[in-house]
Amino acid sequence: MRHLFALLLIPALALGPVACRPQAEGAIRAVVIGGEPSVRDPALGPLPAEDAVLLQNVAQGLVRFDAGGNIIGGLAERWNVSDDGLSYIFRLASAQWPDGKKVTAPQVAKLLKRQLAARSRNTLKDSLGAIQDVVAMTDRVIEIQLVAPRPNLLSLLAQPELAILRGRDGTGPFKPEASDVAGRELRLVRQIPGSDDEEETQREEVLLSGASTADAIGLFAAEKADLVIGGTFADLPLAQRAKLRRGSLQFDPASGLFGLVPTHTGGGIDSPDVRRLLNQAIERSNYISALGVPGLAARATLLEPGLDGLAPPATPAWFGVPLGERLAQLRADSERLFGKQKPAIRVSIPDGPGGDLLFQELQRDWGALGLTIERATSGSAADFLVIDEVAPSSSPAWFVRRFRCGAVAVCDPKADELMDAARDTPVAAQRYALLAQAAARIDDAQLFIPITAPVRWFLVSSRVQGFTGNRYARHTLTDLGQQPGKE
């Protein structure tokens, strides 16, 4: 990190062409928690946080997110949805690849279909299973055909996993212009044309780098970084302990899954009754209080409130009874299920002080039942592992299908049948009803032990005005110096 600190002390970047107006204070410096950001093909597998941030800013999809998580045009300048919801037609804006060649609809269709192909390991491929075909209608018009309506298609297309990437080249909104000699910092440049001939082109610059949590926080505290993104529950206490200006630490109101999932069948704890016991013994309020995230609430069901097409999930009766009043019965259930030879339960939890807090909570709560809790050295050696994932849309289908057979080790084939029926039906009400039934079966079998929502945090300085939290925890680096809602 010695080289990175030295680079960040360099004065503001040299001015661009006379027709451009660089920011008076120089480029905004953004640090992603993780490794060095690089352009990675989503078809190869999951995107690390640092690569996802870079990709969504240099290789836009047909549409993209603004600062508030709203859908805006990317490569597509406009789009229409058919009355039956089975056809999305996009008109591409005039755009060029970095080599100056024109971006065409046949190219875009081919690149999208590659992400959906059987060999693709794109993490959103399953969520896009309703896509029947991607067709270039003209040189600038592309159609996505569906087997059944999907109101959340645009939010999926805006994810970095659906970036339009030709090799290592994208079409913006930023262009990577240069990096430092060590390759640790990328200069991202965006040219913003004026509204008329009399207004000059503006040049927006962001210096993007990756760093460990401690180093990223240190850079921010020393005012050598204007923005830090990519924080999770595991490293949150590091930011809370740092001496930062009031209001610097902020959170995404993230939607998604945070809890425990069993990793294998067989053995003494492979039973819905055992998982139900462990689920009910967790005092979620203690952990949430220790995290100190405003608005964070405990959860006891797979589905969360506010998902499309469904009423808020019914909370199980035990959830409203204080743990102290339930503990005697839980201990009796532990004796009945395990007897005197109680097993050790191994849990895989991410490293970091936030992970330590979760492990301590499980030790206390499950230890009260006479159980021994161990921290697994790997996922393959664990009985349970932590799921900490942000939902890419507000559809209940993503939540349910996350636990389909093949995606998890312990599953319910009948729930899979309901998921498949939901995917095929063209009737929205029927689809949501089938997904609710599948979710109920997953809850009944205790295939997921929910705890709360995923935690995503960021640090933002007073220089950065155009940056807000959103449910997808996806962040554009455009317009960081501009207040949201202002032009």
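Everything in this summary refers to the structure shown in the same document.

Conventions and cut-offs
Residues numbered from 1 in each chain as written. Predicted model: local features only at pLDDT ≥ 70, side-chain atom pairs only at ≥ 80, totals over all residues. Heavy atoms only, no water. Salt bridge = Lys/Arg side-chain N within 4 Å of Asp/Glu carboxyl O. Helix = DSSP H or I, 4+ residues; strand = E, 2+ residues; numbered from the N terminus. Buried < 20%, exposed > 50% of the residue type's maximum accessible area, 1.4 Å probe, protein only. Pairing = 2+ DSSP bridges. 1 Å grid on protein atoms, 1.4 Å probe; cavity = no way out; pocket = protein on both sides within 12 Å on 5 of 7 lines; lining within 4 Å. Points joined across faces, edges and corners; volume = space filled by probe spheres on them. Nonpolar A, V, L, I, M, F, W, Y, C, P; charged D, E, K, R; others polar. Axes fitted to C-alpha atoms, helices over the stretch in contact; angles between N-to-C directions. Phe/Tyr/Trp six-rings, centres within 6.5 Å; stacked < 30°, edge-to-face > 60°. Bend = angle between axes of the 7 residues up to and from the residue. Contact = heavy atoms within 4.5 Å.

As for the pattern of salt bridges
- The tally for this structure, following the rule as stated, stands at 32 salt bridges.
- Across the pair D126 and R401 runs a salt bridge, and its minimum N-O distance is 2.8 Å. Of this pair, D126 sits in the loop between α3 (105-116) and β7 (131-136) while R401 sits in helix α11 (residues 396-401), and the two are 275 residues apart along the sequence. The pair D126 / R401 is uniform in exposure class, with both members buried.
- Among the ionic pairs, E389 bridges to R402, the shortest N-O distance being 2.9 Å. Of this pair, E389 sits in strand β17 (residues 384-390) while R402 sits in the loop between α11 and α12 (413-424), placing them 13 residues apart in sequence.
- A single salt-bridge network, built from bridges that share partners, covers D126, R401, R404, D420 and R423.

Focus: unusual backbone geometry
- With an omega of 15 degrees, the peptide bond between G172 and P173 qualifies as cis.
- Residues other than glycine seldom take positive phi values, yet Q446 does so here, at roughly 55 degrees.
- Here Q446 lies in the loop between α13 (428-444) and β18 (449-452).
- A positive phi angle, near 55 degrees, is found at A473, a position not held by glycine.
- Along the chain, the position of A473 falls in the segment after β19 (456-460).

Topic: the pairing of β17
- Pairing of strand β14 (residues 256-262) with β17, which is carried by 7 bridges, proceeds in the antiparallel orientation. What sits directly across from L257, in β17, is E389.
- Sheet topology places strand β15 (residues 344-348) next to β17; 2 bridges connect them, and they run parallel. Note on β17: the bridge partner recorded for V347 is F384.

Some details on the layout of surface pockets
- Taken as a whole, the largest pocket encloses approximately 1,100 Å³ of empty space.
- Looking at the lining of the largest pocket, the elements with two or more residues in it are α2 (49-58), β12 (227-232), β17, α11 and β19.
- Residue composition of the lining of the largest pocket, by class: 19 nonpolar, 10 polar and 12 charged.

A closer look at empty space enclosed by the protein
- In this structure the tally under the stated criterion is 6 cavities of 30 Å³ or more.
- Approximately 240 Å³ is the volume found for the largest cavity.
- Looking at the largest cavity, it is lined by 23 residues, and the ones nearest its centre are S127, R150, S395, A397 and R431.
- Going through the elements one at a time, α4 (153-157), α11, α12 and α13 are the ones with two or more residues in the lining of the largest cavity.
- Of the residues that constitute the lining of the largest cavity, the class distribution is 13 nonpolar, 5 polar and 5 charged.
- Every residue along the wall of the second largest cavity is listed here: L55, Q56, A59, Q60, G61, V63, R64, L157, A158, Q159, P160 and A163.
- Breaking the lining of the second largest cavity down by element, the ones donating at least two residues are α2 and β3 (63-65).

Brief notes about the sheet that holds β7
- The sheet built from 4 strands is open, its strands ordered β5-β6-β8-β7 with antiparallel pairing. The open sheet has two free edges, formed respectively by β5 (76-81) and β7, since each of these has just one partner strand. Pairs of neighbouring strands in the sheet enclose a mean axial angle of 15 degrees, with direction left out of account.
- Examined bridge by bridge, β7 and strand β8 (residues 141-146) share 5 bridges and lie antiparallel to one another. Across the sheet, the residue bridging to V134 is I144, located in β8.

Topic: the packing of aromatic side chains
- Applying the stated criterion across every chain yields a total of 10 aromatic pairs.
- Centre to centre, the rings of Y88 and F90 are 6.5 Å apart; their planes meet at 20 degrees, and the pair counts as stacked. Take Y88 and F90: they sit in the same class, and that class is buried.
- With centroids separated by 5.1 Å and ring planes inclined at 40 degrees, the aromatic side chains of F403 and F448 adopt a geometry described as tilted. Residue F403 is found in the loop between α11 and α12, and its partner F448 is found in the loop between α13 and β18; the two are separated by 45 residues along the sequence.
- Judged by its relative accessible area of 1%, F403 is buried.
- One aromatic cluster in this structure is built from W79, Y88 and F90.

Describing helix α9 (residues 323-338)
- Maximum bend of α9: about 30 degrees, positioned at Q329.
- All of the buried residues in α9 are L323, R326, L327, L330, D333, S334 and F338.
- Where α9 is buried, its residues meet α7 (272-280).
- Just downstream of α9, G339 is the residue with a positive phi angle, here 70 degrees.

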